[in-house]
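# Fold and geometry: a report
What follows is the residue order along each chain.
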Amino acid sequence: MARLPKVGLDYFALDVDFLSHTKIRKIMRACGLKSITVLIKLLSNIYKYKGYYIEWNEDECFAIADDVGIAERAVQELSLI
């Protein structure tokens, strides 16, 4: 019997210089250190569910905020950057 096709990835590589990237440093400066946790959680959800994108909506925003332990408003602010 054939397996169902796998959707999403089991893992993704995170460069050791991730925090040194100019884009990431600008986000950290503008939004604080919790922004890194949100970014990594967002990347995890992107790669886990669809593999290369995510359907952004209020439920996804809530789930990330709840998992990370910050306000939805803060996650929404990061999504606009």
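Residues numbered from 1 in each chain as written. Predicted model: local features only at pLDDT ≥ 70, side-chain atom pairs only at ≥ 80, totals over all residues. Heavy atoms only, no water.

## Concerning the overall build of the protein
What the protein contains, in helices and strands, is four helices and zero strands. For the protein, the α and β elements follow one another from N to C terminus as α-α-α-α. The C-alpha extent of the protein, read off along each of the three principal axes, is 50 × 30 × 20 Å. By the burial criterion, 23% of the 81 residues in the protein qualify as buried. Long-range contacts, defined here as pairs at least 24 residues apart, represent 48% of the contacts in the protein between residues at least 6 apart. When the accessible area of the protein is evaluated, it comes to approximately 6,500 Å², of which 56% is carbon and sulfur surface. Each charge class in the protein was averaged separately, 11 positive and 11 negative side chains, and the resulting centres sit 6 Å apart. (Helix = DSSP H or I, 4+ residues; strand = E, 2+ residues; numbered from the N terminus. Buried < 20%, exposed > 50% of the residue type's maximum accessible area, 1.4 Å probe, protein only. Contact = heavy atoms within 4.5 Å. Areas by Shrake-Rupley, 256 points an atom, 1.4 Å probe, with all protein chains shown as cover. Lys, Arg positive; Asp, Glu negative; His and termini not counted. Charge placed at Lys NZ, Arg CZ, Asp CG, Glu CD.)

## Some thoughts on the nonpolar core
Within the largest apolar cluster, 13 residues are counted, with the highest numbers of intra-cluster contacts made by Val38 and Val75. Looking at this core, the elements that each hand over two or more residues are helix 1 (22–31), helix 2 (34–49), helix 3 (58–68) and helix 4 (72–79). Per-element accounting of this core gives the leading share, four residues, to helix 3. (Core = buried A, V, L, I, M, F, W, Y, C linked by side-chain atoms within 4.5 Å.)

## So, the side chain of Asn45
Along the chain, Asn45 turns up in helix 2. Setting aside residues up to four positions removed in sequence, Asn45 forms contacts with Ile54, Glu60 and Ile64.

## Concerning the side chain of Ser35
Position of Ser35 relative to the elements: it lies in helix 2. Beyond its immediate stretch of four places on either side in the chain, Ser35 contacts Ile27, Met28 and Leu78.

## A closer look at the environment of Lys26
Tracing the backbone shows Lys26 in helix 1. On the accessibility criterion, Lys26 (59% relative accessible area) is exposed. Considering only alpha carbons, one finds Lys26 and Ile81, 55 residues apart in sequence, at a separation of 9.8 Å.

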